[in-house]
Amino acid sequence: MRITRVKTYIVDGGFRPWTFVKIETSDPGLVGWGDCTDWGSPGPVAATVERYAERIIGKDPMASEAIWWELSAFSVRHTGGIAYKAMSGIDSALWDIRGKVLNAPVWQLLGGRMRDRLRLYWSHCGTTRTGPWTQKLGLQPVRTVADLEELAREVLERGFTAIKTNLMPLEDDPLGTGSGVGDASPAVLRRAERIVGTFRETLGPDVGIALDVGFHFKLGGAARLARALEPYDLMWLETETLDASALRTIRESTTTTICTGESLFGTADFRPFLELHAQDIVMPDLAWNGIAMGRRLADLAHAYDVLFAPHNCHSPLTTLVSANVCATVPNFYILEFDVDDAPWRDDLMSHPFEVQDGHLILPERPGLGSDLIESELAKHPPDHYPDAR
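Residues numbered from 1 in each chain as written. Predicted model: local features only at pLDDT ≥ 70, side-chain atom pairs only at ≥ 80, totals over all residues. Heavy atoms only, no water.

**Student:** Account for the packing of aromatic side chains, naming residues and giving values.
**Tutor:** For the structure shown, the criterion picks out 12 aromatic pairs. Judged by centre distance (6.3 Å) and plane angle (55 degrees), the rings of Trp18 and Phe20 are tilted. The exposure classification of Trp18 matches that of Phe20, with both residues buried. Geometrically, the ring pair formed by Trp236 and Tyr333 is tilted, given 6.2 Å between the ring centres and 55 degrees between the ring planes. With Trp236 in strand 7 (residues 236-239) and Tyr333 in the loop between helix 11 (316-326) and strand 11 (335-337), this pair connects stretches of sequence that are 97 residues apart. Owing to a relative accessible area of 0%, Trp236 belongs among the buried residues under this scheme. Of the aromatic side chains, those joined through ring pairs into one cluster are Trp68, Tyr84, Phe265 and Trp288. (Phe/Tyr/Trp six-rings, centres within 6.5 Å; stacked < 30°, edge-to-face > 60°. Buried < 20%, exposed > 50% of the residue type's maximum accessible area, 1.4 Å probe, protein only. Helix = DSSP H or I, 4+ residues; strand = E, 2+ residues; numbered from the N terminus.)

**Student:** Could you give an account of the nonpolar core, with specific residues and numbers?
**Tutor:** Nonpolar side chains in soluble globular proteins tend to be buried together. Counting residues in each nonpolar core, the largest one holds 111 residues, and the members touching the most others are Phe20, Ile23, Ile90, Phe199, Leu211 and Leu225. Take this core: its biggest share by element is 9 residues, from helix 3 (residues 81-102). Among all residues touching Phe20, those that are not within four sequence positions of it are Lys7, Thr8, Tyr9, Val11, Trp33, Gly34, Asp35, Ser315, Leu317, Leu372 and Leu377. In terms of nonpolar packing, the next biggest core, distinct from the first, is built from 10 residues, Tyr121, Ala210, Trp236 and Ala309 among them. (Core = buried A, V, L, I, M, F, W, Y, C linked by side-chain atoms within 4.5 Å. Contact = heavy atoms within 4.5 Å.)

**Student:** So what's going on with the confidence of the model for the chain? Residues and values would help.
**Tutor:** With 96% of its residues at a pLDDT of 70 or more, the chain shows a mean pLDDT of 94. Segment residues 385-389: pLDDT under 50, and 16 contacts once partners within four positions in sequence are set aside and those in other chains are kept. (pLDDT = per-residue confidence, 0-100.)

**Student:** Let's hear about helix 3: which residues, and what values?
**Tutor:** Under the 1.5 Å per step criterion, the end-to-end length of helix 3 is 32 Å for 22 residues, consistent within 8% with the ideal 32 Å. The buried fraction of helix 3 amounts to 17 of the 22 residues, a majority that puts the element mostly inside the structure. (Expected span 1.5 Å × (residues − 1).)

**Student:** I'd like a rundown of the packing of helix 3 against helix 10 (residues 291-303), residues and numbers included.
**Tutor:** Packing of helix 3 against helix 10 brings their axes to within 8 Å, and their N-to-C directions diverge by 100 degrees. The orientation of helix 3 relative to helix 10 falls into the category roughly perpendicular. Each of Tyr84, Asp91, Ser92 and Trp95 in helix 3 lies in contact with helix 10, whose residues at this interface are Ile291, Ala292 and Met293. A breakdown of the residues in the contact of helix 3 with helix 10 according to their chemical character gives 5 nonpolar, 1 polar and 1 charged. (Axes fitted to C-alpha atoms, helices over the stretch in contact; angles between N-to-C directions. Parallel < 35°, antiparallel > 145°, perpendicular 65-115°, else oblique. Nonpolar A, V, L, I, M, F, W, Y, C, P; charged D, E, K, R; others polar.)

**Student:** Any details on the sheet that holds strand 1 (residues 3-12)? Residues and values, ideally.
**Tutor:** Spatial strand order, 1-2-3: 3 strands in an open sheet with antiparallel pairing. Edge strands, defined here as strands with exactly one partner in the open sheet, are strand 1 and strand 3 (31-35). Neighbour-to-neighbour, the strand axes of this sheet turn through a mean angle of 20 degrees, independent of strand direction. As defined by bridge partners, strand 2 (residues 17-25) adjoins strand 3 across 5 bridges and the pair is classed as antiparallel. (Pairing = 2+ DSSP bridges.)

**Student:** An account of the pairing of strand 1 is requested, with residue identities and associated values reported.
**Tutor:** Counting buried positions along strand 1 yields 7 of 10 residues, so the element is predominantly enclosed. Note: strand 1 against strand 2, 9 bridges, orientation antiparallel. The partner of Val11 across the bridge, within strand 2, is Trp18. Once strand 1 ends, the chain turns through 4 residues before running back antiparallel as strand 2, passing Gly14 with a positive phi of about 90 degrees.

**Student:** Give a description of unusual backbone geometry that names residues and reports values.
**Tutor:** Despite not being glycine, Asp233 shows a phi value in the positive range, around 50 degrees. Structurally, the position occupied by Asp233 is in the loop between helix 7 (219-228) and strand 7. At His277, a residue that is not glycine, the phi angle is positive and equals roughly 50 degrees. By the element assignment, His277 lies in the loop between helix 9 (266-275) and strand 9 (281-282).

**Student:** I'd like to hear about helix 9, residue by residue, with values.
**Tutor:** Every buried residue of helix 9 is accounted for by Gly266, Phe270, Phe273 and Leu274. Along the long axis of helix 9, the arc covered by the buried residues comes to 95 degrees, so they all point the same way. Those residues of helix 9 that are buried lie in contact with helix 3, helix 8 (244-252), strand 8 (258-260), strand 9 and helix 10. (Arc of directions from axis to C-beta.)

**Student:** Before we move on, can you summarise the pattern of salt bridges with the specific residues and values?
**Tutor:** Pairing is possible between side chains of opposite charge, provided their charged atoms come close. Within the structure shown, the criterion is met by 29 salt bridges. Here Lys59 ties to Glu70 by a salt bridge, and the two come within 3.3 Å at their closest N and O atoms. Here the residue Lys59 occupies a position in the loop between helix 1 (42-56) and helix 2 (64-74), and Glu70 occupies one in helix 2, the gap between them amounting to 11 residues. For Lys59, a relative accessible area of 27% puts it in the partly exposed group. Note on Glu70: relative accessible area 27%, which makes it partly exposed. Its salt-bridge partner being Arg113, residue Glu364 comes within 3.0 Å of it at the nearest N-O pair. One end of the pair, Glu364, is in the loop between strand 13 (359-361) and helix 12 (374-377); the other, Arg113, is in the loop between helix 4 (106-109) and strand 4 (117-122), and 251 residues separate them in sequence. Here the residues in one salt-bridge network are Arg16, Asp338, Asp341, Arg345 and Asp346, joined through shared partners. (Salt bridge = Lys/Arg side-chain N within 4 Å of Asp/Glu carboxyl O.)

This is the structure we're talking about:
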């Protein structure tokens, strides 16, 4: 059996594009699907996959480790970023093929499941209802604090036990949308307290609340924000930096739980953060790190007594990739899930997700658990996407 063709698809994903990889083999009908979604540069990632295709066509698709490290060596002068994303899309497609050949789910090949239900948190809760994509996705707009309260009641009604939100603008918030980059001004802190406080009051004390601020704050600003939010008992504050020592300083300055890692690649990037115990939770992106590396990162975090909660706000395939890894690791905490997703998401899947009471039911089909339907992909060409939060 050999790899005969590698194809890429860039598909409209609602508030971000989805980038898929399809690997065809010499066995008729045996294909694998992967995901390497990049919100800002889907074209360059897809082009890199197509460049890598020149090196892997003709190879044994079961040799995913050899292919990963060959591509890693080929990419040594541009390690990380676009290279890792392209490699990861290929890697997850190869694991999908492996599962189908062996007639087993990927989680079975990773050592077997430790759980058959994965706790989910509602990601971008409220954020997707304030952006320009609200009407496109057919969502009820969130404009005021009262709208946030109504959304929180919806979270409870739908059985979710955790959410993640952002510092989104509201009509009754005087702070401009461009404020707060780098430093946490008093106005920024008021916005954060208003949003988090509204969710906490309506959701009650037992529902997890995470706040994602990405790279928006430098060390001092992130520390001030973390301290200001201590009364709300966050599930975590998600703040990013490439300086592990800076994040360690933030963590030591507050009782707020700190989570990071969506922009890190491979064990080399994560090691200094783990060695310094700079965070409580790591969240590698498995569309950008692949299945084998994702499992290595979970094991590495476990060695440092750190929880594992993958970044997962891309395509439905990333959810399947993440679920197959999360089912097999002892330090799994919770999985990100966009409830307010593109309404055509399930139409693309041969076997859509089964979500019950805020938990993803682990699929038992061979491979990742679902194929994509090419005729449906063609119905949703990519659109213009504003900058992601």
